There are 4 protein chains.
Amino acid sequence: MVKILVCYYSRSGTTERMAREIVRGMEDSGLEGEIDIRRVEDTDMDSLPGYDAIVLGSPTYYGLPSGKMKLFLDESVIHHGKLDGKVGGAFASSANPAGGNETTVIAILEALLIHGMVVKGDSKGDHYGPVVIGKPDDGELERCRVYGKRMMKFTKQLRENFSRR
Amino acid sequence: MVKILVCYYSRSGTTERMAREIVRGMEDSGLEGEIDIRRVEDTDMDSLPGYDAIVLGSPTYYGLPSGKMKLFLDESVIHHGKLDGKVGGAFASSANPAGGNETTVIAILEALLIHGMVVKGDSKGDHYGPVVIGKPDDGELERCRVYGKRMMKFTKQLRENFSRR
Amino acid sequence: MVKILVCYYSRSGTTERMAREIVRGMEDSGLEGEIDIRRVEDTDMDSLPGYDAIVLGSPTYYGLPSGKMKLFLDESVIHHGKLDGKVGGAFASSANPAGGNETTVIAILEALLIHGMVVKGDSKGDHYGPVVIGKPDDGELERCRVYGKRMMKFTKQLRENFSRR
Amino acid sequence: MVKILVCYYSRSGTTERMAREIVRGMEDSGLEGEIDIRRVEDTDMDSLPGYDAIVLGSPTYYGLPSGKMKLFLDESVIHHGKLDGKVGGAFASSANPAGGNETTVIAILEALLIHGMVVKGDSKGDHYGPVVIGKPDDGELERCRVYGKRMMKFTKQLRENFSRR
């Protein structure tokens, strides 16, 4: 059984909504797993090494994840090396199309790669991770659920493999 | 007379050292100006619109500026629009060559561009902004001073122009 | 009088359309200038140092400018140093919102910064440069024209300044 | 048995040298596999879907992979979707420390993620992929071999898993 953390920062509620849809997609995947959904300020840093996948979401503030999410990433250095080989994912909301949502998702992925984590792109849809622009529409929320399902499946594949060794 | 802020976050002292060398370069430029050097935690947010140029420096934490610097950028939203047309600059330190220093400098520049600021690259040396890898060596500190001189000159050119209108 | 090059790669016609709207915005700015609009394959490399501003546009292929545009940037190395201090700009089209348009614009800007060029962000609208997603809509084309006007004005300010020295 | 392609563009020979060291690391991993090393201009595009991992290397030209490598990525669109779930990797050489090597590696990784490929960071050493600055030194070449070994192992783990399904 895989264990996944979906951790987000949200003020307006958009990123929180995305987090919930991603979790829903994970639950609807038909695969067994324990999924924790946490605000970044309520996330127990000590819990990180216990997860098989960590998915982080943030609104876009000046083309990057929020300062609070960045502080969380900074503090995660106490586990540096222990997250190596785990699955990492990212999602972001932004006010405008060319407003920094892609750079926010990629910034999070860069941080997770430095942790040695494994990132999978998507040849369809939001390639780097789901993005919502403005108020979330049905297509965007659907892409969040598809992403959740996909992350669940990928994490399971990767973990089964590692655990066999 | 131009007014420039060099604002940095530093824990080990490397980024602070870079800030000082940049300021030294500005002072040695032979051009008149008022240069403020401030730790990010001691920077008065209300002072930002009073500067002609804002140069931000940070160590590289997970391929991005430190959370403290990012919080500062987030909070600068209260001045959104008022920094448009001012000069922006960035510098970064990192532990290793491929450890995220370029992505840190570019992340800061992206934030400053979203503020509508003006960024100048350099066809020689550290193209996006000065970088120190590990303990600063003489060449790196010299590049910080050259950068300071260059920023001073560029800010003066840009400001004189805007002020004539 | 400023001299500006708008150079683009286009296959479907979307990026070409953007280029035309940008040029229209420049022409409607009320400022005098000579504006050349060229397909990248028809651009005379030797002409580059004669421009005060160079604005490059490309569709998004795998999150980056097209190979043809990249070859053009590679070949521009023969002028390395001669474009220092000139204005640089970028625009991009993409099929989807999170499909790589921001990373394409930023990739072009990074190349222009390495040339030592001057880049100005926008505190409103498409911060790094105009973007069209899918078939261009009215708002997107309007943002292209606003960008053209803004680039014209900025280039004029910067050039007047440099030429006085 | 895994099948891996190491494909590179090289003019000065540095990136080619890196490719060879990466292959040596793969061969020294003690794991069985078929490893093809190809110049990008000699790579049969039709062969791509036959590999379990594709590792691309390029010198840094204006902060990005070379135009020839970018053309190769553009043309790989004929296999779009077929590379989903395969392992992707990147390496780069550059003249200077802050000269664009990180952005080149990340640009390649972004393209591979858009193909839906799987990218693994490294919590030690060159986090995103190996980098050589200037003339390769012993430490850099060693990091190339370590990377090769690590990619071989990771590809094997991922593939075994997929093939069981």
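Residues numbered from 1 in each chain as written. Chains lettered and ligands numbered in written order. Predicted model: local features only at pLDDT ≥ 70, side-chain atom pairs only at ≥ 80, totals over all residues.

(A) How the structure looks around the environment of tyrosine 62 of chain B. Its location among the elements puts tyrosine 62 of chain B in the loop between β3 (53–61) and β4 (64–65). Expressed as a C-alpha distance, the spacing of tyrosine 62 of chain B and valine 87 of chain B, which sit 25 residues apart in the sequence, is 26 Å. Tyrosine 62 of chain B has contacts with Leu73, Asp74, Ala111 and Ile114 of chain A together with Gly100 of chain B, leaving out every residue within four places of it along the chain. (Helix = DSSP H or I, 4+ residues; strand = E, 2+ residues; numbered from the N terminus. Contact = placed C-beta atoms within 7 Å.)

(B) Region of interest: the interface of chain A and chain C. Every contact between the two is made by 12 residues of chain A and, on the other side, 12 residues of chain C. Counting residues per element, the ones that place at least two in the side of chain A that touches chain C are α3 (101–114) and β7 (131–133) of chain A. Of the residues forming the side of chain A that touches chain C, the biggest block, 3 residues, is contributed by α3 of chain A. The class makeup of the residues in the side of chain A that touches chain C is 5 nonpolar, 5 polar and 2 charged. (Nonpolar A, V, L, I, M, F, W, Y, C, P; charged D, E, K, R; others polar.)

(C) Fine view of the relation of the copies chain A and chain C. It takes a turn of 180 degrees to lay chain A on chain C, together with a shift of 0.0 Å along the axis; the resulting RMSD is 0.0 Å. Accordingly, the operation relating the two chain copies is best matched by a two-fold axis. In this assembly, 100% of the residues forming the interface of chain A have copies in chain C that are likewise at the interface, indicating an isologous arrangement. (Least-squares fit on C-alpha atoms with pLDDT ≥ 70 in both.)

(D) Representation of the interface of chain C and chain B within the structure. Listed as interface residues are 24 residues of chain C and, on the opposing side, 24 residues of chain B. Of all the secondary-structure elements, those providing two or more residues to the side of chain C that touches chain B are α3 (101–114), β6 (118–120) and α4 (138–163) of chain C. A per-class count over the side of chain C that touches chain B returns 10 nonpolar, 9 polar and 5 charged. Here strand β6 (residues 118–120) of chain B runs beside β6 of chain C; their pairing, made up of 3 bridges, is antiparallel. Note on β6 of chain C: the bridge partner recorded for lysine 120 of chain B is valine 118 of chain C. (Pairing = 2+ DSSP bridges.)

(E) A look at the relation of the copies chain C and chain B. Note on the copies: chain C fits chain B at an RMSD of 0.0 Å, the axial shift is 0.0 Å, and the rotation between them is 180 degrees. Looking at chain C, 100% of its interface residues are interface residues in chain B too, so the copies touch through the same face.

(F) How the structure looks around the pairing of strand β1 (residues 2–8) of chain B. All names here are of chain B. For β1, the buried fraction is high: 6 of the 7 residues fall into the buried class. In the sheet, β1 pairs with strand β2 (residues 33–39) via 7 bridges, with the strands oriented parallel. Following the sheet pairing, leucine 5 is matched in β2 by aspartate 36. Read as a crossover between parallel neighbours, the route from β1 over helix α1 (residues 14–27) to β2 is right-handed. Two strands pair when backbone bridges link them, and β1 and β3 are joined in this way by 5 bridges, in the parallel orientation. Along β3, the bridge assignment pairs isoleucine 4 with alanine 53. (Buried ≥ 20, exposed ≤ 12 C-beta atoms within 10 Å, placed from the backbone. Right-handed = clockwise from strand over helix to strand, strands pointing away.)

(G) Layout of the packing of helix α2 (residues 67–75) of chain C against helix α2 (residues 67–75) of chain D. Remark: α2 of chain C packs on α2 of chain D, axes separated minimally by 8 Å, with the N-to-C direction vectors making an angle of 180 degrees. Relative to α2 of chain D, the element α2 of chain C is oriented roughly antiparallel. Residues Gly67, Lys70, Leu71 and Asp74 of chain C of α2 of chain C touch α2 of chain D, and the partners they reach there are Gly67, Lys70, Leu71 and Asp74 of chain D. Taken together, the residues of the contact of α2 of chain C with α2 of chain D break down into 2 nonpolar, 2 polar and 4 charged. (Axes fitted to C-alpha atoms, helices over the stretch in contact; angles between N-to-C directions. Parallel < 35°, antiparallel > 145°, perpendicular 65-115°, else oblique.)

(H) How the structure looks around helix α2 (residues 67–75) of chain B. Restricting attention to buried positions, one finds in α2 of chain B the residues Gly67, Met69, Lys70, Phe72 and Leu73 of chain B. Those residues of α2 of chain B that are buried lie in contact with β4 (64–65) and α2 (67–75) of chain A together with β3, β4 and α3 (101–114) of chain B.

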